[in-house]
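Single-letter residue listing:
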Amino acid sequence: MLFDPRPKASRGELFDREKELKILDDSVGKPLIVVAGIRRVGKSSLLMSFLENWRGVYVDLRDVRTRADLYRKLSEGLSGSLRRLGEGFLSHIRGVRAMGLEVELKWKGTDSVSISGLVEELSAEERTVFVFDEVQGLRPPLSLELRNAVSYVYDNVPNSTVVLSGSEIGLLKDFVGVDNPESPLFGRYYTEVRVERFPRSLSMEFLERGFKEAGSGVSEDVVERGVELFDGIPGWLVYYGMAVVEGRDMDEILESAVSLAEAEMEKLSDREKQVVKAIARGARSWAEVRRAVEESSGAVIPKSALTRAVRRLEKLSVIQGYQFLDPVYERAARR
Ligand code: ADP
Ligand code: MG
């Protein structure tokens, strides 16, 4: 079903993305792939569907704060692969025990699992793809550990391909750190796949197909209105499609989407929120943002503080060139 809030996990269910799948398929065997795209654009769907044709592990790193979280996510990733690839997949991997379809990590008799060791063992006999999704949210020391592992694997494990993916594109690039001489991945070559929103015609087709599948006859207007409000961001199109099928009215659908976006923007600092509000109300340059922020707060904002807030919003993929990347975020910021 197209209108399903979970990421798609098979190529048959995936709408479009042939071009992106081909780049990914052609890059298996290279050491590193970076997949970037804003939230809800379909990165996880693309990656899980990509893995359908390969021996591989998908690890979702969202909300990983502690080592225990990391082990849980690694175990979940391995359990998922076990379901797909069967028990043989893990049969002689030290430190990993399969119990039915669940996986327990027990690394060499100690309770510490090394990511690079795990990757090395899994790739020892067959080419294996490791997808780490939403990596930019990791904090030290786990972020350093993953980066060191990726760099070790890059140099020493020829049978593996590592895919790093994330929604906050600037932070993802910082995480990879190929431009940073201090990063263990400095100067490494990688393949980049940008996951973009669908163009208008494909977005219309996406909604039309979804409504048809759901057995819901809707007018052309409803399809057009959806694309107008949510652009070509498939996660929002699914949200819209499901709500229309459930019979909710337009204002209510938009209202709940905006509330979701508002909640996601809660993590911004007060200064960043002021900047976002200024841009939502039409500021289109640094000077205009500064004027608007100073007017609304009645205080003088240091230049460097403002520049820092703008840069951070760009790194978080909230804005680019003083424009919102997601129309729903823009509405949320306008309130
Ligand atoms: P991301 O990982 O970029 O945040 P997801 O892959 O989780 O995005 O997708 C968000 C929502 O949109 C999910 O409901 C997913 O099923 C749907 N979706 C995204 N891309 C596609 C696609 N190419 N075909 C079908 N559904 C998609
Ligand atoms: Mg995702």
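All values reported here derive from a predicted model rather than from experimental measurement.

1. What to know about the domain arrangement of the protein
Per the domain assignment, the segments making up the protein are domain 1 (18-194), domain 2 (200-248) and domain 3 (270-334). One C-alpha centre belongs to domain 1, the other to domain 2, and the line joining them spans 33 Å. In this assembly, five residues from domain 1 lie in contact with four residues from domain 2. Between domain 1 and domain 2 lies a buried interface of about 330 Å² when both sides are counted; carbon and sulfur atoms form 72% of it.

2. Quick look at the packing of aromatic side chains
Applying the stated criterion across every chain, the model contains seven aromatic pairs. For the ring pair Phe 15 and Phe 206, a centre distance of 5.1 Å and an interplane angle of 85 degrees mean the geometry is edge-to-face. Placement of the pair is Phe 15 in the segment before helix H1 (18-27) and Phe 206 in helix H7 (residues 200-213), with a sequence separation of 191 residues. Classification of Phe 15 as buried rests on a relative accessible area of 5%. Overall, the relative accessible area of 4% leaves Phe 206 in the buried class. Ring pairs connect the aromatic residues Phe 230, Trp 236, Tyr 239 and Tyr 240, which therefore count as one cluster.

3. As for the site of ligand 1
Lining the immediate environment of ligand 1, one finds 22 residues, of which Asp 4, Arg 6, Lys 8, Lys 43 and Ser 45 sit closest. Residue Val 41 places a main-chain N or O atom 3.3 Å away from an oxygen atom belonging to ligand 1. At a separation of 2.8 Å, an oxygen atom of ligand 1 approaches a polar side-chain atom of Ser 44. Expressed as a share of its isolated accessible area of 550 Å², the protein-covered part of ligand 1 is 94%. Only helix H2 (43-51) and helix H9 (234-245) provide two or more residues apiece to the shell around ligand 1. When its residues are assigned to classes, the shell around ligand 1 shows 11 nonpolar, four polar and seven charged. Looking at the shell around ligand 1, you find at least three residues from each of domain 1 (18-194) and domain 2 (200-248).

So, how was this worked out
Residues numbered from 1 in each chain as written. Chains lettered and ligands numbered in written order. Predicted model: local features only at pLDDT ≥ 70, side-chain atom pairs only at ≥ 80, totals over all residues. Heavy atoms only, no water. Domains from an automatic or database assignment. Contact = heavy atoms within 4.5 Å. Buried area = accessible area lost by both parts, 1.4 Å probe. Phe/Tyr/Trp six-rings, centres within 6.5 Å; stacked < 30°, edge-to-face > 60°. Helix = DSSP H or I, 4+ residues; strand = E, 2+ residues; numbered from the N terminus. Buried < 20%, exposed > 50% of the residue type's maximum accessible area, 1.4 Å probe, protein only. Near = heavy atom within 4 Å. Polar contact = N/O pair within 3.5 Å; in protein donor to acceptor, adjacent residues only side chain to side chain. Areas by Shrake-Rupley, 256 points an atom, 1.4 Å probe, with all protein chains shown as cover. Nonpolar A, V, L, I, M, F, W, Y, C, P; charged D, E, K, R; others polar.

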